[in-house]
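Single-letter residue listing:
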Amino acid sequence: MKLRLMMCTIAAAMAPATVLLTASGTALAQPAPQSRTATPAINGFNVEEVARLDQGVRLQFDLYGTPGGSATLNLDGANRSLHLTEVEPGQYTGSYVIGTRDRLKADSRVTAELRMGNEVATSVLRESLVRSDVAQPADDTRQLATKDARIVAAAPGAAPPPAPRTTERPRVARYCTSCGIIEKVETVQGALPNPRPLASDATARQYFRVTVRMNTTDTTQVLEFANNPGYRNGDRVRVSDGVLTLDKQE
């Protein structure tokens with residue numbers, strides 16, 4: 001009887017410890033709560049506009065969004081991507097230096113990506129890369145277009161590139177009293193009536209008569225030469241003291 005009473009007393013004393021161990025084991029078996037990754041968001045995206053997109057020019061970009069992410073820019077016409085650095089919580093910045101192989105334009109599309117874990121937020125730059133108050137030179141991609149056209153023309157079966165269009169400059173009217181147009185060149189049989197001192201053969205059996213219609217007066221002048229002067233009908237000429245020369249001014 002005393003032994004049974006002692007066993008019951010020991011069992012009663014050990015019961016609270018058993019409850020505590022069971023509760024502690026249950027608490028340790030529960031998994032720790034998982035931390036959720038914040039959803040990325042871009043609140044602002046801008047660029048410091050430049051005067052020209054020349055080699056060596058630095059483009060400065062700033063992006064504002066969810067802190068703790070990884071920001072990257074992709075520029076159309078650029079040879080590489082640009083990684084932005086988070087200089088303050090939620091503020092990312094970086095600069096792109098234009099290289100020799102870049103073909104950036106004022107309206108080149110610039111896309112920003114802000115990544116956090118497996119989630120990505122994107123934004124497209126709404127500004128021009130070039131200041132609107134600066135006059136831009138002619139498109140420098142014309143040389144590339146010409147080069148591409150030559151490559152296409154060299155391909156088998158490719159049609160030849162169209163000929164470049166030329167614009168004729170308008171002629172400016174000028175007042176020239178000694179200018180005219182040769183109306184007639186004749187070969188006259190017989191000796192020259194009034195041989196010139198420099199004529200090599202004054203007694204030649206034929207000479208040449210040139211009729212010039214003057215531009216300003218619409219009158220004609222006749223000049224005679226012992227030798228063929230080499231002019232043709234329609235040639236623009238000048239007549240000065242009986243000397244006939246080509247009018248080379250257009």
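The rules we used
Residues numbered from 1 in each chain as written. Predicted model: local features only at pLDDT ≥ 70, side-chain atom pairs only at ≥ 80, totals over all residues. Heavy atoms only, no water. Helix = DSSP H or I, 4+ residues; strand = E, 2+ residues; numbered from the N terminus. Buried < 20%, exposed > 50% of the residue type's maximum accessible area, 1.4 Å probe, protein only. Areas by Shrake-Rupley, 256 points an atom, 1.4 Å probe, with all protein chains shown as cover. Core = buried A, V, L, I, M, F, W, Y, C linked by side-chain atoms within 4.5 Å. Contact = heavy atoms within 4.5 Å. Pairing = 2+ DSSP bridges. Axes fitted to C-alpha atoms, helices over the stretch in contact; angles between N-to-C directions.

**Q** Would you mind showing me how to read the overall build of the protein chain here?
**A** Secondary structure summary: the protein chain contains 2 helices and 12 strands in total. Looking at the protein chain as a whole, 24% of its 250 residues qualify as buried. As displayed, the protein chain has an accessible area near 18,400 Å², and 52% of this comes from carbon and sulfur atoms.

**Q** Sorry if this is basic, but what is going on with the nonpolar core here?
**A** One recurring pattern in soluble globular proteins: nonpolar side chains tend to sit buried together. Counting 24 residues, the largest nonpolar core has Phe45, Leu53, Leu59, Phe61, Leu73, Leu84 and Leu129 as its most contacted members. Those elements that provide at least two residues to this core are strand S1 (42-48), strand S2 (58-65), strand S3 (70-75), strand S4 (82-88), strand S5 (91-97) and strand S6 (110-116). Residues within four places of phenylalanine 45 in sequence aside, it is in contact with Phe61, Asp62, Leu63, Leu73, Val110, Ala112, Ser123, Val124, Leu125 and Glu127. Membership of the second largest hydrophobic core comes to 10 residues, among which are Val210, Val237, Val239 and Leu244.

**Q** How do you make sense of the sheet that holds strand S11 (residues 236-240) when you look at a structure like this?
**A** Across a sheet, strands are paired by hydrogen bonds formed along the backbone, either parallel or antiparallel in direction. Read across the sheet, 5 strands follow the order S10-S9-S8-S11-S12 without closing on themselves; strand pairing throughout is antiparallel. The two strands at the open ends of the sheet, each matched to only one other strand, are strand S10 (220-225) and strand S12 (243-246). On average, each strand axis in the sheet is inclined to that of its neighbour by 40 degrees, with strand direction left out of account. Bridging between strand S8 (residues 179-189) and S11 involves 3 bridges; their strand directions are antiparallel. When the bridges of S11 are listed, isoleucine 181 appears paired with arginine 236.

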